[in-house]
Amino acid sequence: MLHYFWRDDLAPLSIWGCVALTLLLALSALVEFLSGAMGAKWFGSTRWGAIGALVGGVVGLFFGIPGLLLGPLIGVFAFEMLFAKQQWKPATKSTWGTLLGTGVGLAFKVAIAAVMVVWFYVDTLLF
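Residues numbered from 1 in each chain as written. Predicted model: local features only at pLDDT ≥ 70, side-chain atom pairs only at ≥ 80, totals over all residues. Heavy atoms only, no water.

### Here we look at the overall build of the chain
Helix and strand content of the chain: five helices and zero strands. Taken along its principal axes, the extent of the C-alpha atoms in the chain is 65 × 25 × 20 Å. Put simply, the chain has 127 residues, and 32% of those count as buried. In the chain, the share of contacts with a sequence separation of at least 24, taken over all contacts with a separation of at least 6, comes to 59%. For the chain, the exposed area adds up to about 8500 Å²; of that, 80% sits on carbon and sulfur atoms. (Helix = DSSP H or I, 4+ residues; strand = E, 2+ residues; numbered from the N terminus. Buried < 20%, exposed > 50% of the residue type's maximum accessible area, 1.4 Å probe, protein only. Contact = heavy atoms within 4.5 Å. Areas by Shrake-Rupley, 256 points an atom, 1.4 Å probe, with all protein chains shown as cover.)

### Regarding the packing of aromatic side chains
For the structure shown, the criterion picks out five aromatic pairs. When the ring of F120 is compared with that of Y121, the centres are 5.5 Å apart and the planes differ by 80°; the resulting orientation is edge-to-face. Site record: aromatic cluster; members linked through ring pairs are W48, F79 and F83. Above the face of the W48 ring, R47 is positioned so that its terminal group lies 5.8 Å from the ring centre. (Phe/Tyr/Trp six-rings, centres within 6.5 Å; stacked < 30°, edge-to-face > 60°. Lys NZ or Arg CZ within 6 Å of the ring centre and 35° of its normal.)

### Overview of the side chain of S28
Mapped onto the elements, S28 comes out in helix α2 (residues 15-42). Once you skip the residues sitting within four places of it in the chain, S28 turns out to touch K109 and I112.

### Brief notes about α2
Spanning 28 residues, α2 covers 39 Å between terminal C-alpha atoms, matching the ideal 40 Å at 1.5 Å per step. Along its length, α2 reaches its greatest deviation from straightness, about 35°, at L34. Residues of α2 that are buried: G17, A20, L21, L24, S28, V31, S35, G36, A37, G39 and A40. Positioned one or two residues after α2, G44 has a phi angle of 90°, which is positive. (Expected span 1.5 Å × (residues − 1). Bend = angle between axes of the 7 residues up to and from the residue.)

### A word on the environment of A84
Of note, A84 is situated in the loop between α4 (64-82) and α5 (88-126). Counting along the chain gives 36 residues from A84 to F120, while the straight-line C-alpha distance between them is 46 Å. Those residues in contact with A84 that sit more than four places away from it in its chain are T46, W48 and F79.

### Thoughts on the nonpolar core
Counting residues in hydrophobic clusters, the biggest one holds five residues: A37, A40, A50, A53 and V76. Every element with two or more residues in this core is listed here: α2 and α3 (47-60). If near-sequence neighbours (up to four positions away) are discounted, V76 is found in contact with A40, G49, G52, A53, S94, T95 and T98. (Core = buried A, V, L, I, M, F, W, Y, C linked by side-chain atoms within 4.5 Å.)

### Observations regarding the environment of A40
With respect to the helices and strands, the residue A40 is situated in helix α2. As for A40 and T22, which are separated by 18 residues in sequence, their C-alpha atoms are 28 Å apart. The contact partners of A40, leaving out residues within four places of it in the chain, are S45, V76, S94, G97 and T98.

### Regarding empty space enclosed by the protein
In the structure shown here, the tally under the stated rule is one cavity of 30 Å³ or more. Here the largest cavity defines a volume of roughly 90 Å³. As for the largest cavity, its lining consists of E32, F33, S35, G36, A37, A53, G57, L61, L68, P72 and T102. Listing elements by their share of the lining of the largest cavity, those giving two or more residues are α2, α3 and α4. Its residues assigned to classes, the lining of the largest cavity shows six nonpolar, four polar and one charged. (1 Å grid on protein atoms, 1.4 Å probe; cavity = no way out; pocket = protein on both sides within 12 Å on 5 of 7 lines; lining within 4 Å. Points joined across faces, edges and corners; volume = space filled by probe spheres on them. Nonpolar A, V, L, I, M, F, W, Y, C, P; charged D, E, K, R; others polar.)

What follows is the structure, encoded as structure tokens:
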């Protein structure tokens, strides 16, 4: 939107470009919240571990970049230990799955961001 109102001599972003970028933004947010939980489930986490990853991710939002990285990890481990009554080793395995899931989610988010940048330039400069 800033691009649209910033300068008159630049080609504006089309309405379809705005819609596409908004949908890609929503997809990126969905990947952010679900990647850690899916990684935890893949490595044998209980339902409590997946919930802990989601809760940790939301709480981590308030602590910046370190919170985004550590929030799901702490959430899975804490929920596995406190609510699922898991032992140290299974809880650690679930946390490792969250770490890998978050890494894969980060890779997907970088890919989505690249698509968004390309879409923006193609929409404004070529059409």
